[in-house]
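Read off the chains here:
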Amino acid sequence: MKKLLLTTLCFSIGISGCTGKDSGHCKELTLRETIGKYFLIGTTLNNRQITGTDKESCAIAANQFNSISPEGCMKIKAIHPEEGRYDFAVADGFVDFGEKHQQAVIGHTLVWHAALPDWFCTDKEGKDVSPEVLKQRMREHIYTVVGRYKGRIKGWDVVNEAFADDGTYRNSPFYRILGEEFIPLAFQYAHEADPDCELYYNDFNLHLTPKREAIIRLVKELQRRNLRIDAVGMQGHLWKGSPTIEGVECAIVDLAKADVKVMVTELDLTALPAPKKDLGGEAWADFEYDASIDPYRDGLPDDVEQQWTEHMLSFFKLFLKHKDVITRVTLWGVSDGDSWRNGWPVRGRVDYPLLFDRSHQPKPVVERIIKETENTPNDK
Ligand code: G3I
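Residues numbered from 1 in each chain as written. Predicted model: local features only at pLDDT ≥ 70, side-chain atom pairs only at ≥ 80, totals over all residues. Heavy atoms only, no water.

J.: Is there a simple way to explain the overall build of the protein in this structure?
T.: When helices and strands are tallied, the protein shows twelve helices and nine strands. Relative to a compact globule of 380 residues, whose C-alpha radius of gyration would be 21 Å, the protein shows 21 Å and is just as compact. In terms of overall dimensions, the protein has a C-alpha envelope of 65 × 45 × 40 Å along the principal axes. Burial analysis of the protein (380 residues in total) assigns 55% to the buried set. Taking as baseline every contact in the protein between residues at least 6 positions apart, the subset at least 24 positions apart corresponds to 77%. Accessible area of the protein: about 16600 Å², with a carbon and sulfur share of 51%. Here the protein contributes 48 positive and 58 negative side-chain charges, whose respective centroids are spaced 2 Å apart. (Helix = DSSP H or I, 4+ residues; strand = E, 2+ residues; numbered from the N terminus. Rg over C-alpha atoms; globule rule 2.2 N^0.38 Å. Buried < 20%, exposed > 50% of the residue type's maximum accessible area, 1.4 Å probe, protein only. Contact = heavy atoms within 4.5 Å. Areas by Shrake-Rupley, 256 points an atom, 1.4 Å probe, with all protein chains shown as cover. Lys, Arg positive; Asp, Glu negative; His and termini not counted. Charge placed at Lys NZ, Arg CZ, Asp CG, Glu CD.)

J.: Explain empty space enclosed by the protein here, please?
T.: Over the atoms, a rolling probe the size of a water molecule traces out where space has been left empty. Scanning the model with the defined rule gives two cavities of 30 Å³ or more in all. Approximately 40 Å³ is the volume attributed to the largest cavity. Val111, Trp112, His113, Asn160, Glu161, Ala162, Arg170, Ser172, Phe174 and Phe182 are the residues that line the largest cavity. Across the lining of the largest cavity, the residue classes tally to five nonpolar, three polar and two charged. Reported here for the second largest cavity is a volume of approximately 30 Å³. Taken together, Ser69, Ile106, His108, Asp157, Asn202, Thr265, Glu266, Arg328 and Trp332 form the lining of the second largest cavity. Elements with a contribution of two residues or more to the lining of the second largest cavity: strand S3 (104-111) and strand S8 (261-269). Of the residues belonging to the lining of the second largest cavity, the class tally is two nonpolar, four polar and three charged. (1 Å grid on protein atoms, 1.4 Å probe; cavity = no way out; pocket = protein on both sides within 12 Å on 5 of 7 lines; lining within 4 Å. Points joined across faces, edges and corners; volume = space filled by probe spheres on them. Nonpolar A, V, L, I, M, F, W, Y, C, P; charged D, E, K, R; others polar.)

J.: Looking at this structure, I do not really get the pairing of strand S9 (residues 326-331). What am I missing?
T.: Working note: regular strand, side chains alternate between the two faces of the sheet. Among the six residues in S9, five count as buried, and that is most of the element. Relative to S9, S8 is paired through four bridges, and the arrangement is parallel. The residue bridging Val262 from the neighbouring strand is Ile326, located in S9. (Pairing = 2+ DSSP bridges.)

J.: What is the right way to look at the packing of aromatic side chains in this model?
T.: In this structure the tally under the stated criterion is 14 aromatic pairs. For the pair Phe65 and Phe356, a centre-to-centre distance of 6.3 Å together with 65° between the ring planes defines the contact as edge-to-face. On the criterion of sequence distance, the pair formed by Phe65 in the loop between helix H3 (55-64) and strand S2 (67-70) and Phe356 in the loop between S9 and helix H12 (364-374) is long-range, its members being 291 residues apart. What makes Phe65 buried here is its relative accessible area of 0%. Among the aromatic residues, those joined into a cluster by ring pairs are Trp119, Phe120, Phe174 and Phe182. Sitting over the face of the ring of Trp239, Arg341 holds its NZ or CZ atom 4.8 Å from the ring centroid. The residue whose ring lies beneath Lys363 is Trp308, and the NZ or CZ to ring-centre distance is 4.2 Å. (Phe/Tyr/Trp six-rings, centres within 6.5 Å; stacked < 30°, edge-to-face > 60°. Lys NZ or Arg CZ within 6 Å of the ring centre and 35° of its normal.)

J.: Please clarify how the site of the ligand should be interpreted in this entry.
T.: Among the 14 residues in the neighbourhood of the ligand, the closest are listed as Glu71, Lys75, His108, Glu161 and Glu266. The contact in question runs from an oxygen atom of the ligand to an N or O atom on the side chain of Glu71, over 2.5 Å. For the ligand, an oxygen atom lies 3.0 Å from a polar atom in the side chain of Trp332. Bound to the protein, the ligand loses 47% of the 790 Å² it would expose on its own. Taken together, the residues of the shell around the ligand sort by class into six nonpolar, four polar and four charged. (Near = heavy atom within 4 Å. Polar contact = N/O pair within 3.5 Å; in protein donor to acceptor, adjacent residues only side chain to side chain.)

J.: Before we go on, may I ask you to explain the pattern of salt bridges in this structure?
T.: Where charged atoms from two side chains of opposite charge approach closely, those side chains can pair. Counted by the stated rule, this structure contains 24 salt bridges. For Glu99, the salt bridge goes to Arg152, with nearest N and O atoms at 2.8 Å. On the criterion of sequence distance, the pair formed by Glu99 in helix H5 (residues 89-100) and Arg152 in the loop between helix H6 (131-148) and strand S4 (155-160) is long-range, its members being 53 residues apart. Judged by relative accessible area, Arg152 falls into the partly exposed class, the value being 29%. Across the pair Lys135 and Glu132 runs a salt bridge whose closest N-O atoms are separated by 3.3 Å. Of this pair, Lys135 and Glu132 both sit in helix H6, separated by three residues, roughly a single helical turn. (Salt bridge = Lys/Arg side-chain N within 4 Å of Asp/Glu carboxyl O.)

Here's what the structure looks like:
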């Protein structure tokens, strides 16, 4: 009980790990001051956190993380809901939050086929606009949004999820109207709007060889044209058996050879079974609810939690091993209750994919990550 009280006290004032050093006192170690020395350690913020409604999560985000990404407020649907009308209220608050807490602020995302309002790629009759109109809309959107936060955002996810798992271009409205050129154009406009800002391409399932090779071809093509690309973001929405550590390592190594930095941009690890054996990474799958695939509504059994801890830790060990090329690892949410994985790919489940639990307490893996970091040679 005494230990519990001490731990609770430590964490309630923003302490992430009791190392047992300093003659039994809690040493105030956080993720941001430990693993954050090697690469940025980030979290995403949702609107309740940005507007300060969810105070407990705000405290964790501020104390534990040295980078933030917006979960929704900078997507076109949120920030530019109608032609000629922008809504910057939440996005402004997001950037203010990061500056207040000395965090690297990441922009997410400028060009994505989802969270895309109908008006952006269609005319008044609902037909695809011409290539010229779409180029003009992309340019205006990117100049306005990137320009507004010029000098305040460390890097933008310029294009998100442009490829299918087989390495072909996703048949998005952007691709349908502009062909492959929509990607170089987006990178060009973003660089023109803020020449000092880092620019990223972001996608999931990079452990799949055809997709990874397509993304590496894209990186080389952008480099050949002297367009800025600093890093490729690997999202990292993990399942129990997939991708494997080896698959993720292969992606890190291959990307590094293409002379870009690597970021793990949307990390979470489900504790729940997949509804279907060969479920891919498609973000918009929506399977029917079934209680047999929602087994932990009342909490995770100890053995399942221990397996989850070891699994998550093994990915952090991998990231530390490749700290020379990894520049950021961002968790896709602060605590379990916030996670989109409670609703994907089956709505209404209770999942446990993040580093902090539903009561905003650090999970055992946090202390393990900190210890692992402290045992990592500081050769960076
Ligand atoms: O804002 C409305 C709200 O007014 C309404 O009451 C509520 C009712 O459902 O919906 C709210 O919008 C939801 C929004 O999240 C904010 O909660 C949308 O329906 C929902 O589709 C949206 O989902 C987000 C999704 O991207 C689409 O933008 C998820 O939270 C977010 O985690 C997810 O993040 C994406 C990354 O950006 C890219 N990679 C994949 C990742 C997971 O899909």
